[in-house]
Amino acid sequence: TRLILATRNAGKISELRAILADAGLSHELVGADAYPEIPDVKETGVTFAENALLKAHALARATGLPAVADDSGLCVDVLNGAPGIFSARWAGRHGDDRANLELLLAQLGDIDDTHRGAHFACAAALALPDGTERVVEGQLRGTLRHAPVGTNGFGYDPILQPEGESRTCAELSAEEKNAISHRGKAFRALVPVVRELLAK
Ligand code: ITT
Ligand code: NA
């Protein structure tokens, strides 16, 4: 079966492709770029799960194929879960990773390490053209550094130090990060869902 992933991010596509292959699943995974005529859906949900489901349903309806979508972000304890679903545009412009990270550091100021807890969250949804839906979630807990360190990854990776790690996410290799990340966990949790709902 062909399966479509609602993203133009090549990294996400190869990550999910590897996870499906590791699980012995032979579905052909394609990105939304394979269907350039289909417009991106507005993320109007108030939770990661709602946004992931919105995107997956829209793409499944438009293509007639089973569709996977994810939504993710950083949730900071002392900010009551913000930036959350607004993580990609926390400083105003969508995808300005550096500005988002600098604003967040400024908002935390020199608050001490015991109050710098945070987690990355990811919801991954599978929707079928007939309206069947499932959503799973993954998290990565950690502490926010006072300054960015590391050059791997993207977004808030240079300031999140996972629990039990001495490095930030931006100092981990892609493999190391995938093994513990919110997205890795959510995508791996999708495997039994794909097995249950989709023919090979
Ligand atoms: P899509 O095109 O796939 O929808 P997006 O830009 O909306 O991608 P995500 O939902 O994956 O991005 O993530 C939203 C924001 O949350 C992202 O811009 C980062 O600021 C942050 N974020 C999510 N996952 C992250 C990770 O693994 N490391 C660092 N930051 C992350
Ligand atoms: Na998003």
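Residues numbered from 1 in each chain as written. Chains lettered and ligands numbered in written order. Predicted model: local features only at pLDDT ≥ 70, side-chain atom pairs only at ≥ 80, totals over all residues.

### Considering the overall build of the protein
- Within the protein, the secondary structure is distributed over 5 helices and 6 strands.
- Going from the N terminus to the C terminus, the protein shows its helices and strands as β-α-β-α-β-α-β-β-β-α-α.
- Compactness check: the protein gives a C-alpha radius of gyration of 17 Å against a globular reference of 16 Å for 200 residues, within 12% of the reference.
- Principal-axis analysis of the C-alpha atoms places the extent of the protein at approximately 50 × 30 × 25 Å.
- Residues classed as buried in the protein amount to 36% of the 200 residues present. (Helix = DSSP H or I, 4+ residues; strand = E, 2+ residues; numbered from the N terminus. Rg over C-alpha atoms; globule rule 2.2 N^0.38 Å. Buried ≥ 20, exposed ≤ 12 C-beta atoms within 10 Å, placed from the backbone.)

### Focus on the sheet that holds strand 6 (residues 160–162)
- On the basis of which strands lie adjacent, the open sheet formed by 6 strands has the order 2-1-3-4-5-6 and mixed pairing. Looking at which strands have only one partner, the edges of the open sheet turn out to be strand 2 (28–31) and strand 6. Averaged over all pairs of adjacent strands, the angle between their axes in this sheet comes to 35°, without regard to strand direction.
- In terms of strand pairing, strand 1 (residues 2–5) meets strand 2 through 4 bridges, oriented parallel. Considered in strand 2, the bridge of Leu-3 is made with Leu-29.
- Its contacts with the sheet place helix 5 (residues 182–197) against strand 3 (67–76), strand 4 (117–127) and strand 5 (133–144), and it is angled at close to 165° to strand 5. (Pairing = 2+ DSSP bridges. Axes fitted to C-alpha atoms, helices over the stretch in contact; angles between N-to-C directions. Contact = placed C-beta atoms within 7 Å.)

### Examining the nonpolar core
- In terms of nonpolar packing, the biggest core is built from 47 residues, with Ala-52, Ala-56, Ala-67, Val-68, Ala-124 and Ala-125 touching the most fellow members.
- If you list the elements that add at least two residues to this core, you get strand 1, helix 1 (10–22), helix 2 (48–63), strand 3, helix 3 (97–108), strand 4, strand 5 and helix 5.
- Looking at which element gives the most residues to this core, the answer is strand 4, with 9 residues.
- If sequence neighbours within four positions are ignored, Ala-56 has contacts with Ala-6, Ala-67, Val-68, Ala-69, Ala-125, Leu-126 and Ala-127. (Core = buried A, V, L, I, M, F, W, Y, C linked by C-beta atoms within 7 Å.)

### Digging into the site of ligand 1
- Near ligand 1 lie 22 residues; those nearest to it are Thr-7, Ser-72, Ser-87, Ala-88 and Gly-155.
- Counting only elements with at least two residues in the shell around ligand 1, the list comes to strand 3 and helix 3.
- Per-element accounting of the shell around ligand 1 gives the leading share, 4 residues, to strand 3.
- In terms of residue class, the shell around ligand 1 is built from 6 nonpolar, 10 polar and 6 charged. (Near = placed C-beta within 6 Å. Nonpolar A, V, L, I, M, F, W, Y, C, P; charged D, E, K, R; others polar.)

### Here we look at helix 3
- For helix 3, with 12 residues, the first-to-last C-alpha span of 17 Å sits near the 16 Å given by 1.5 Å per residue.
- What helix 3 keeps buried is the set Asn-100, Leu-101 and Leu-104. Seen end-on, helix 3 carries its buried residues on one side only, within an arc spanning 95°. Exposed residues pointing more than 90 degrees away from the buried face of helix 3 are listed as Arg-98 and Ala-106.
- Immediately downstream of helix 3, the backbone of Gly-109 shows phi near 55°, a positive value. (Expected span 1.5 Å × (residues − 1). Arc of directions from axis to C-beta.)

### Topic: the UniProt feature "binding site: Mg(2+)" (unreviewed entry) in the protein
- As annotated in UniProt, the feature "binding site: Mg(2+)" (unreviewed entry) corresponds to Asp-71 in the numbering used here.
- Mapped onto the elements of the fold, Asp-71 is located in strand 3.
- Those residues in contact with Asp-71, other than ones at most four positions away along the chain, are Glu-43, Phe-48, Asn-51, Ala-52, Ile-85 and Ala-123. (UniProt positions renumbered as here; feature names shortened; annotations may be inferred.)

### Side note on the confidence of the model for the protein
- Summary statistics for the protein give a mean pLDDT of 95 and a share of 100% for residues scoring 70 or more.
- Our summary of model confidence lists the complex with pTM equal to 0.95 and ipTM equal to 0.94. (pLDDT = per-residue confidence, 0-100.)

### Points about the environment of Pro-148
- Structurally, Pro-148 is set in the loop between strand 5 and strand 6.
- By C-beta crowding, Pro-148 is classed as partly exposed, having 16 other C-beta atoms within 10 Å.
- Between the alpha carbons of Pro-148 and Val-193 there is a distance of 37 Å; along the sequence they are 45 residues apart.
- In this view, Pro-148 contacts Leu-101, Pro-158 and Ile-159; residues no more than four positions away in its chain are not counted.

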